[in-house]
Structures are given as structure tokens and as C-alpha cells.
Amino acid sequence: MNADRLGRFELMMTWSKKLQELSKIGECTLQLERFLQTLESVPGDEVGEIGIEWRRRRREQRPCLALAFFTLAMLLLFLGVHTLGPVFSALATTAVALYACQALYRHWKLEEAFDSELYMRAAYVVNAPSWAR
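Residues numbered from 1 in each chain as written. Predicted model: local features only at pLDDT ≥ 70, side-chain atom pairs only at ≥ 80, totals over all residues. Heavy atoms only, no water.

Enquirer: In this structure, what is going on with the nonpolar core? I would like to understand it.
Expert: Soluble globular proteins: nonpolar side chains tend toward being buried together. The biggest cluster of nonpolar side chains holds 18 residues, and the ones touching the most others in it are L11, F35, L36, L39 and L118. Counting residues per element, the ones that place at least two in this core are α1 (8-24), α2 (30-41), α3 (47-83) and α4 (86-127). Among residues more than four places away in sequence, those in contact with L118 are L11, F35, L39, V47, I50 and G51. (Core = buried A, V, L, I, M, F, W, Y, C linked by side-chain atoms within 4.5 Å. Buried < 20%, exposed > 50% of the residue type's maximum accessible area, 1.4 Å probe, protein only. Helix = DSSP H or I, 4+ residues; strand = E, 2+ residues; numbered from the N terminus. Contact = heavy atoms within 4.5 Å.)

Okay, here's the thing in C-alpha cells:
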């Protein structure tokens, strides 16, 4: 069995059990809790389907995010020329554009981070014997 074919139930049960064990010994479980919450919110029966659905949802959000920043930059450019002047308007538009690039980069990194964590945790469940989990 490979990690793509691992079922949601087995993945959730393994990591929920691990979360309880870590909580009992006093370890920080924030990352694992966030992972399980995100996993619950994404539909799919197998890890491959969950990963595809996660990437599809994130991909659908990109145009909205880029369009919002583009609209804000255009408003700053057109309306700011009359109120702030051309230099400050250009600086503000450049700042919005740089922030937009940074926000889209963070968006992509979050997409990649969950996807790689999903497959890493699924590979652990598949490759580790049940008595060692």
C-alpha cells in the first residue's frame, strides 16, 4: 500500500491516538491539532483525494486574492494621484504590490506545507508497523 491509498479513518485514528499520547506526557500538540482540524475540513476518502481537494480549494482562492490586491493597487494609483501626488501614489501602489506578492507567496507555501505534511504523516502510518505507532 502506498500513502495515496491510505484511508481517512486510519490516518485520523493514528494521529488522534498520537495526539492523546503527546498530551499525556505534556508535549506541545498545536501543530498536530491544526493538522487534524484541517484534515477534518477537507473532503475525501483517501489521502490522494484529500490532497487533490486541498490543492483545488487553495487554487480557487488565488485569483480572488490577486484580484483584490490588483483592485486596491489601481484605486491607490488613480485616486491617490489627486490626493497624495504622483510620487506618494506610486510608492503606495508599489507597497501594495509588494505586499500582494508576499501574500500570494505565503498562500502557496501554506498549500505546499499542508500537502507535504499530509503525505509525510500518511507515509508514517503506511510504513510504521502498528505496534510501533
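Enquirer: Help me out: how do you make sense of the packing of aromatic side chains in this one?
Expert: Aromatic ring pairs are defined here through the distance separating the ring centres and the angle between the ring planes. In total, this model carries four aromatic pairs according to the counting rule given. Aromatic pair F35 and F114: ring centres 5.6 Å apart, planes at 35°, arrangement tilted. Taken as a pair, F35 in helix α2 and F114 in helix α4 lie far apart in primary sequence, 79 residues in all. What makes F35 buried here is its relative accessible area of 2%. A relative accessible area of 6% means that F114 is categorised as buried. (Phe/Tyr/Trp six-rings, centres within 6.5 Å; stacked < 30°, edge-to-face > 60°.)

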